[in-house]
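The residues making up each chain are set out below.
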Amino acid sequence: RRTFVAVLAAVSMTITGTTLAGTPAQAKPRVTAQPGSPGIGDSYYPEYGNGGYDVDHYDIRLRYNPANDQLTGTTTILARATQDLSRFNLDFLLNVSSVRVNGWSATHARAGAHELVVTPARTIRAGQSLTVVVQYSGVPSQVLYDGYTAWRRTADGAMAVNEPESAWWWYPSNDHPLDKATFDVSVSVPDGVEVISNGVQPRPPIGELLGWTRWIWRTTKPTATYLTFLTIGQYDIVTDTAPNGQQVINAYHVGLGELGNAARASIERTAEVVEWSSGLFGPWPFEAQGGVAGPLDGIGFALETQTRPVYGPGFWRRGSNPYVIVHEIAHQWFGDSVSVAEWRNIWLNEGFASYAEWLWSEAQGEGTAQEVFDFTYASYPESSSFWQVLPGAPGPDLIFHGAVYDRGAMAVHQLRLAVGDDAFFQILKAWTSSRQYGNGTIEQFQALAEQISGQDLSAVLTTWLFTAGRPDLTGGADAQA
Ligand code: ARG
Ligand code: ZN
């Protein structure tokens, strides 16, 4: 592929050769080189991501000491310029000591809340390969953005698990789901400390210096930055082979006490849930499977980190909880393989992951999806502010509001009722297969659903996703609009 681009570049040089011949070398291109945009164009988070380049791969090489939360590292970014670039941005918060671009020392400066501005020594040409090496250090739990840090220091380690932003505290990136990449992550920690991340372990941890061990993780499928994670601390790691032959790597924090068994009784069902979900959503899109049970002093939510979700301890309080496993595994298709093109489309993630739980309930004989719909609808009184949040347009401060989940799942159920089961399950598979490893919008989903069902779905989607107030159930979809 690189060779092909080089050939094209040579051809265009020949074509424009006459123009260039009479001009001083580089004079014309220099005029056209512009700074890369500080944002990728997300309507909810205008500064997230960056323009002007596209990342293929991140190589993140870290050293971390839980005793003082000191992180030092080097991230090497393999990217390609999508325009002539005078400079470009990365999203990052830690202290940068040096940046090199294609081997040349580059200048760097901080701008805005989380932007690192890199000015290469030489203008970058559109289509050119970029190798960006960033060296840095910091105490990430103390680096605040808008008053908080997504790097949580725990009693015996740390965790970087958050949505929509988590990378800023451990590696520089183009932090938006539109720019997916593969990852090599390695972290050197004191002997006896475990490090867990996404994907496979290409080789076991290696002792490197006296008292230090390096852990190596690799992601080989395109991954959005917010779906990468690190958990560091005292974990029991349980490895196995899934029915489809893949590595299963589960990790349980050792301090879960009486919750530890419920965590195991849930996460150990991951391979079963993967198999069940593949029947509904299509082949499992990733290279490994697993789950991480985080510590008591870690996160208070779960996140669909790619290949290996991370679960907060609260989910195990009532015994095993297959529903949270089903939710995070459903996200591997709805969120991870097919990611939001803009964060306003969060219903495509949370509505469908929540509806997967209703389907699991139905399959397990614990209540049909219709019964769960009726219960959910009834549990929010008409006067509740719940009905004022639009799952299809919650606004940047409410992307994880309960309405995105519960009313979002109600919307999926109404869609199912409108098109019938045959078309509905066909739509789910067509969505995940046609956009695998890519991105999507609600409008694109509606277009696909209309194409497969042969119906105009604007009334049902407007009612359930985009209209404030509790929809009336008595008059049918048309009367509700
Ligand atoms: N996508 C996550 C889920 O499975 C949401 C996590 C939101 N919480 C947070 N603190 N970022 O529901
Ligand atoms: Zn979710």
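- Within an unreviewed UniProt entry, the label attached to the chain reads Aminopeptidase N, and the organism entered is Micromonospora sonneratiae.
- Its UniProt record gives the chain a comment under Sequence similarities (unreviewed entry), which states: "Belongs to the peptidase M1 family."
- Here is the UniProt Cofactor (unreviewed entry) comment for the chain, exactly as written: "Zn(2+)".

**Re the overall build of the chain**
- Broken down by element type, the chain carries 13 helices and 22 strands.
- Across its three principal directions, the C-alpha atoms of the chain cover 75 × 60 × 45 Å.
- When the 481 residues of the chain are sorted by exposure, 45% land in the buried category.
- Across the chain, every contact between residues at least 6 apart in sequence was considered, and the portion connecting residues at least 24 apart equals 66%.

**Topic: the site of ligand 1**
- Around ligand 1 lies a shell formed by Asn162, Glu163, Phe301, Ala302, Leu303, Glu304, His327, Glu328, His331 and Phe400.
- Among the elements that take part in the shell around ligand 1, helix α6 (residues 322–331) stands out by supplying three residues, more than any other.
- Broken down by class, the residue content of the shell around ligand 1 amounts to four nonpolar, three polar and three charged.

**Topic: the environment of serine 354**
- Structurally, the position occupied by serine 354 is in helix α7 (residues 347–363).
- Residue serine 354 is classed as buried on the basis of its 27 C-beta neighbours within 10 Å.
- Taking the C-alpha atoms as reference points, serine 354 and valine 324, separated by 30 residues in sequence, lie 9.2 Å from one another.
- Residues within four places of serine 354 in sequence aside, it is in contact with His327, Tyr405, Asp406, Gly408 and Ala409.

**Structural notes on the packing of helix α9 (residues 402–419) against helix α12 (residues 458–465)**
- Contact geometry for α9 and α12: axes closest at 9 Å, N-to-C directions at 165°. Taken together, the axis directions place α9 and α12 in an arrangement best described as roughly antiparallel. In terms of crossing hand, the pair formed by α9 and α12 is right-handed. Contacts from Arg407, Met410, Ala411, Gln414, Leu415 and Ala418 in α9 reach Val460, Leu461, Trp464 and Leu465 in α12.
- In the contact of α9 with α12, the residues fall into eight nonpolar, one polar and one charged.

**Some points on the environment of serine 266**
- Mapping serine 266 onto the fold places it in helix α4 (residues 260–267).
- Here serine 266 falls in the buried class, since 23 other C-beta atoms lie within 10 Å of it.
- Sequence spacing of serine 266 and isoleucine 329 is 63 residues, and the spatial spacing of their C-alpha atoms is 12 Å.
- Setting aside anything within four residues of it in sequence, one finds serine 266 in contact with Trp316, Ser320, Asn321, Pro322, Val324 and Ile325.

**Section: the pairing of strand β3 (residues 70–81)**
- With burial as the criterion, only one face of β3 is covered, namely that bearing Leu71, Gly73, Thr75, Ile77, Ala79 and Ala81; the residues Gln70, Thr72, Thr74, Thr76, Leu78 and Arg80 on the opposite face remain uncovered.
- Relative to β3, strand β2 (residues 53–65) runs antiparallel, the two being bridged by 12 bridges. Residue pairing for β3: arginine 63 is matched across the bridge by threonine 72.
- Counted along the chain from β2 to the antiparallel partner β3, the turn is four residues long, and its residue aspartate 69 has a positive phi close to 60°.

**Some remarks on the sheet that holds strand β15 (residues 230–233)**
- In spatial order, the strands read β9-β10-β15-β12; together these four strands make up an open sheet with antiparallel pairing. In this open sheet, the two edge strands, each paired with only one partner strand, are β9 (151–154) and β12 (194–196). Here the strands of the sheet are splayed against their neighbours by 15° on average, with no regard to which way each runs.
- As paired elements, β9 and strand β10 (residues 157–160) share four bridges and run antiparallel to each other. The residue of β10 that forms the bridge with arginine 153 is alanine 158.

**Here's the deal with the UniProt feature "domain: Aminopeptidase N-like N-terminal" (unreviewed entry) in the chain**
- With numbering aligned to this structure, UniProt lists the feature "domain: Aminopeptidase N-like N-terminal" (unreviewed entry) at residues 56–227.
- Within the segment residues 56–227, helix and strand shares are 0% and 56% respectively, and the terminal C-alpha atoms sit 16 Å apart.

**Details of the nonpolar core**
- With 119 residues, the main nonpolar core has Val118 and Ala160 as its most contacted residues.
- With 10 residues, the single largest contributor to this core is α9.
- If sequence neighbours within four positions are ignored, alanine 160 has contacts with Ala150, Trp151, Ser166, Trp169, Trp170, Phe229 and Leu230.

**Details of the pairing of strand β6 (residues 104–111)**
- In this sheet, β6 lies alongside strand β5 (residues 95–101) in antiparallel orientation, the contact comprising three bridges. Note that in β6 the partner of valine 101 across the bridge is tryptophan 104.
- Counted along the chain from β5 to the antiparallel partner β6, the turn is two residues long, and its residue asparagine 102 has a positive phi close to 50°.
- Looking at chain direction, β6 and strand β7 (residues 115–119) are connected through five bridges and run antiparallel.

**Brief notes about helix α10 (residues 421–434)**
- When the terminal C-alpha atoms of α10 are compared, their 20 Å separation across 14 residues agrees well with the 20 Å that a helix rising 1.5 Å per residue should span.
- Buried within α10 we find Ile427, Leu428, Trp431 and Thr432. Viewed along the axis of α10, the buried residues span an arc of 115°, placing them on a single side of the element. Exposed side chains of α10 directed beyond 90 degrees from the buried face belong to Asp422 and Ser434.

**Details of unusual backbone geometry**
- A cis amide bond, omega 5°, links glutamate 163 with the succeeding residue proline 164.
- Mapped onto the fold, proline 164 is located in the loop between β10 and β11 (181–190).
- For aspartate 69, which is not glycine, the phi torsion reads 60° and is therefore positive.
- Mapped onto the elements, aspartate 69 comes out in the loop between β2 and β3.
- Positioned with a positive phi, asparagine 102 is a non-glycine residue whose angle comes to about 50°.

**What to know about the sheet that holds strand β8 (residues 129–138)**
- Read across the sheet, 11 strands follow the order β1-β4-β7-β6-β5-β8-β3-β2-β11-β14-β13 without closing on themselves; strand pairing throughout is mixed. Among the strands making up the open sheet, the edge pair consists of β1 (34–35) and β13 (206–209).

**A short note on α4**
- Among the residues of α4, Ala263, Ser266 and Ile267 are the ones counted as buried. Along the axis of α4, the buried positions cluster into a sector of 85°, meaning they face one direction only.

Conventions we followed
- Residues numbered from 1 in each chain as written.
- Chains lettered and ligands numbered in written order.
- Predicted model: local features only at pLDDT ≥ 70, side-chain atom pairs only at ≥ 80, totals over all residues.
- UniProt positions renumbered as here; feature names shortened; annotations may be inferred.
- Helix = DSSP H or I, 4+ residues; strand = E, 2+ residues; numbered from the N terminus.
- Buried ≥ 20, exposed ≤ 12 C-beta atoms within 10 Å, placed from the backbone.
- Contact = placed C-beta atoms within 7 Å.
- Near = placed C-beta within 6 Å.
- Nonpolar A, V, L, I, M, F, W, Y, C, P; charged D, E, K, R; others polar.
- Axes fitted to C-alpha atoms, helices over the stretch in contact; angles between N-to-C directions.
- Parallel < 35°, antiparallel > 145°, perpendicular 65-115°, else oblique.
- Left-handed = near helix turned anticlockwise from the far one by under 90°.
- Pairing = 2+ DSSP bridges.
- Core = buried A, V, L, I, M, F, W, Y, C linked by C-beta atoms within 7 Å.
- Expected span 1.5 Å × (residues − 1).
- Arc of directions from axis to C-beta.

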